[in-house]
Amino acid sequence: MNDLQPAVAVSPQQPVTETRRPAGTTEGTTMLIHEALARSRRQEAEEQARRYRLVRSVAAGRRWAKLARYAEQRARRSAERARAAAC
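Residues numbered from 1 in each chain as written. Predicted model: local features only at pLDDT ≥ 70, side-chain atom pairs only at ≥ 80, totals over all residues. Heavy atoms only, no water.

## What about the overall build of the protein chain?
For step 1, the next point in the chain: What the protein chain contains, in helices and strands, is one helix and zero strands.
For step 2, the next point in the chain: For the protein chain, the proportion of its 87 residues judged to be buried stands at 0%.
For step 3, the next point in the chain: Total accessible area computed for the protein chain in this model is approximately 9,100 Å², and 56% of it derives from carbon and sulfur atoms. (Helix = DSSP H or I, 4+ residues; strand = E, 2+ residues; numbered from the N terminus. Buried < 20%, exposed > 50% of the residue type's maximum accessible area, 1.4 Å probe, protein only. Areas by Shrake-Rupley, 256 points an atom, 1.4 Å probe, with all protein chains shown as cover.)

## Some details on a nonpolar patch on the surface
For step 1, the next point in the chain: Together, Trp 64, Leu 67 and Tyr 70 line one region of the surface with nonpolar side chains, adding up to about 380 Å² of accessible area.
For step 2, the next point in the chain: By the secondary structure assignment, Leu 67 is in helix α1 (residues 33-86).
For step 3, the next point in the chain: Taking relative accessible area as the criterion, Leu 67 reaches 45% and is therefore assigned partly exposed. (Patch = residues over 30% accessible without salt bridge, like charges linked within 9 Å, V, L, I, M, F, W, Y side chains within 5 Å. Salt bridge = Lys/Arg side-chain N within 4 Å of Asp/Glu carboxyl O.)

## Observations regarding the pattern of salt bridges
For step 1, the next point in the chain: Under the definition given, this model contains three salt bridges.
For step 2, the next point in the chain: Residues Arg 50 and Glu 47 are paired through a salt bridge, measuring 3.1 Å at the closest nitrogen-oxygen approach. Residue Arg 50 and its partner Glu 47 are both found in helix α1; the two are separated by three residues, about one turn of the helix.
For step 3, the next point in the chain: Assessed through its relative accessible area of 43%, Arg 50 is described here as partly exposed.
For step 4, the next point in the chain: Judged by its relative accessible area of 34%, Glu 47 falls in the partly exposed class.
For step 5, the next point in the chain: A salt bridge links Arg 51 to Glu 47, with the shortest nitrogen-to-oxygen separation between them at 3.7 Å. Residue Arg 51 and its partner Glu 47 are both found in helix α1; the two are separated by four residues, about one turn of the helix.
For step 6, the next point in the chain: Each of Glu 47, Arg 50 and Arg 51 takes part in salt bridges that share partners, so that together they form one network.

Below you can see the structure in the form of structure tokens.
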């Protein structure tokens, strides 16, 4: 009726060591060099992408401002021509 098995005895020559840590604990965890380099490269790539997006945004703003000035000049010239033709 009882399925329990007796515990296995550990001999004194074999020390019991726990190699696994509980989930979520990172105290004392050392990062391997390739992991540190990969993390550093990822952070640098993210920073470079942020700067690139900012530059693209500024360049797009300048492009739209230039286009708006051109459209305004065209509209003004067209209005002047229309007035000259009406006279």
